[in-house]
Amino acid sequence: SPTEHGSDDAAPVVGFVMTAVDEDGSFWIGGLVIDIAEQRKGYGRATIRNLIDQGRSAGHRIVRLSIAPANDAARTLYFDLGFIETTERDGDEIVAELRVS
């Protein structure tokens, strides 16, 4: 969920992500963007791990996301975290899912 900071000493924003719950109860992670200057510093991995935990804590058993086929860095990250490719597509993007308990 979005957080607003009103003070000058707030942490800088390094990225953006959205979440949603699908009709089937799956927890979706979408639109993860990390500022190019902040990439390769672990923010994406930490964000996805945190969102997996949030989905699990909320009782969701499946976490899904979609990946642009040409985005090798994202594919590597998500597959390293345990996501598996499904046969489902979201437009041109690959849908991957992680079963959580």
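The rules we used
- Residues numbered from 1 in each chain as written.
- Predicted model: local features only at pLDDT ≥ 70, side-chain atom pairs only at ≥ 80, totals over all residues.
- Heavy atoms only, no water.
- Patch = residues over 30% accessible without salt bridge, like charges linked within 9 Å, V, L, I, M, F, W, Y side chains within 5 Å.
- Areas by Shrake-Rupley, 256 points an atom, 1.4 Å probe, with all protein chains shown as cover.
- Salt bridge = Lys/Arg side-chain N within 4 Å of Asp/Glu carboxyl O.
- Buried < 20%, exposed > 50% of the residue type's maximum accessible area, 1.4 Å probe, protein only.
- Pairing = 2+ DSSP bridges.
- Helix = DSSP H or I, 4+ residues; strand = E, 2+ residues; numbered from the N terminus.
- Axes fitted to C-alpha atoms, helices over the stretch in contact; angles between N-to-C directions.
- Contact = heavy atoms within 4.5 Å.
- Expected span 1.5 Å × (residues − 1).
- Arc of directions from axis to C-beta.
- Polar contact = N/O pair within 3.5 Å; in protein donor to acceptor, adjacent residues only side chain to side chain.
- Core = buried A, V, L, I, M, F, W, Y, C linked by side-chain atoms within 4.5 Å.

Asker: Help me understand a nonpolar patch on the surface in this model?
Answerer: A contiguous nonpolar patch, built from F16, M18 and V33 and spanning about 300 Å² of accessible area, is present on the exposed surface. Residue classification places F16 among the partly exposed residues on the basis of a relative accessible area of 49%.

Asker: Would you explain the sheet that holds strand β4 (residues 84–90) in this entry?
Answerer: The pairing of strands in a sheet happens through backbone hydrogen bonds and is either parallel or antiparallel. Strand order in the open sheet formed by five strands is β1-β2-β3-β5-β4, with mixed pairing between adjacent strands. Looking along the sheet, the strands with just one partner apiece sit at the ends: β1 (15–21) and β4. Geometrically, the sheet is characterised by an average inter-axis angle of 30 degrees between neighbouring strands, direction not taken into account. Contacting β1, β2 (27–34), β3 (62–67) and β5 (93–99), helix α1 (residues 43–57) crosses the sheet at an angle of about 160 degrees to β2. Sitting on the sheet, helix α2 (residues 72–80) is in contact with β2, β3, β4 and β5, with an inclination near 165 degrees to β3.

Asker: Teacher, can you tell me more about α1 here?
Answerer: At 3.6 residues per turn, the α-helix brings residues three or four places apart onto the same side. The first and last C-alpha atoms of α1 sit 21 Å apart over 15 residues, in line with the 21 Å expected at 1.5 Å per residue. Every buried residue of α1 is listed here: G44, I48, L51, I52 and G55. End-on, the buried residues of α1 take up no more than an arc of 105 degrees, which puts them together on one face. Looking at the buried positions of α1, the neighbouring elements they touch are β1, β2, β3, α2 and β5. Looking one or two places after α1, you find G59, whose phi comes out positive at around 95 degrees.

Asker: How should I be thinking about the side chain of E97 in this particular structure?
Answerer: Its place among the elements puts E97 in strand β5. Its relative accessible area of 9% is what places E97 among the buried residues. Only 3.0 Å separates the side chain of E97 from the side chain of R64, close enough to count as a polar contact. The contact partners of E97, leaving out residues within four places of it in the chain, are I62, V63, R64, G82, F83, I84 and T86.

Asker: Would you mind showing me how to read the nonpolar core here?
Answerer: The nonpolar side chains of a soluble globular protein tend to be buried, and buried together. By size, the foremost hydrophobic cluster in this structure holds 16 residues, and its most contacted members are I29, I48, L65, Y78 and F83. Mapped by element, the contributors of at least two residues to this core are β2, α1, β3, α2 and β5.

Asker: Looking at this structure, how should I read α2?
Answerer: Buried within α2 are the following residues: A74, L77 and Y78. Down the axis of α2, the sector holding all buried residues measures 90 degrees, keeping them to one side. Exposed residues lying more than 90 degrees from the buried face of α2 are D72 and D80. Residues of α2 that are buried make contact with β2, α1 and β3. Phi for G82, located one or two positions after α2, is positive at around 105 degrees.

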